[in-house]
Amino acid sequence: AEHIRFTRQVAEAALFTGSIAAAPDAEVRAAIRRVQAGLEELGFGPGEINGELTRQTRNAIMAFQRSRQMPETGEIDNALVAELDRAAAAAGPATP
């Protein structure tokens, strides 16, 4: 879980790479990167962690949702983020 938190912090820090004002969609892209990082850490293969809601990321979201008996929407919402957090906490710290 600590490794996932670190990965998410790194993804958030990547927002600030050269410009003072964040792009209008910066928060959305950061949220997508956090979800991608969580899915990757849990082995769901969302593809490149780039802040884009690609077909591969949507497929990974749906696979995660299926594994947790959630409605398979392929969308990022509060329920998905909360369930990713629970799954990461249950997984425990990642080993290198």
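Our subject is the structure listed above.
Each chain has its residues counted from 1, running along the sequence as written. Side-chain atom pairs in this predicted model are given and counted only at pLDDT of 80 or more, local residue features only at pLDDT of at least 70, and totals for whole chains, interfaces and linings cover all residues. Only hydrogens and water are set aside; all other atoms, that is, all heavy atoms of the structure, feed into the side-chain values.

Caption draft 1: Summary view of unusual backbone geometry. Its identity as a non-glycine residue notwithstanding, Gln69 has a phi of 55 degrees, on the positive side. Residue placement: Gln69 occurs in the loop between α3 (55-67) and α4 (78-91). Each residue's exposure class comes from its accessible area (1.4 Å probe, protein chains only) as a fraction of the maximum for that residue type: buried when under 20%, exposed when over 50%, partly exposed otherwise. Taking relative accessible area as the criterion, Gln69 reaches 69% and is therefore assigned exposed. A run of DSSP states H or I qualifies as a helix once it reaches four residues; a run of E qualifies as a strand once it reaches two. Both are numbered from the N-terminal end.

Caption draft 2: Spotlight on α4. Helix span is expected to be 1.5 Å times the residue number reduced by one. For α4, which comprises 14 residues, the first-to-last C-alpha distance of 20 Å matches the rise-based estimate of 20 Å (1.5 Å per residue) to within 8%. Among all positions in α4, only Leu80, Glu83, Leu84, Ala87 and Ala88 are buried. Projected down its long axis, α4 shows its buried positions confined to an angular sector of 140 degrees, all on one face. For α4, the exposed residues lying more than 90 degrees away from the buried face are Asn78, Ala89 and Ala90. Two N or O atoms count as a polar contact when they lie within 3.5 Å, although within protein this holds only if one can serve as hydrogen donor and the other as acceptor, and sequence-adjacent residues are included solely when both atoms are side-chain atoms. For α4, the N-terminal capping position is held by Asp77, with its side-chain oxygen 3.3 Å away from the main-chain nitrogen of Ala79. At the exit of α4 stands Gly92, carrying a positive phi of roughly 80 degrees. Note that the arc is computed from the directions linking the helix axis to the C-beta atoms.

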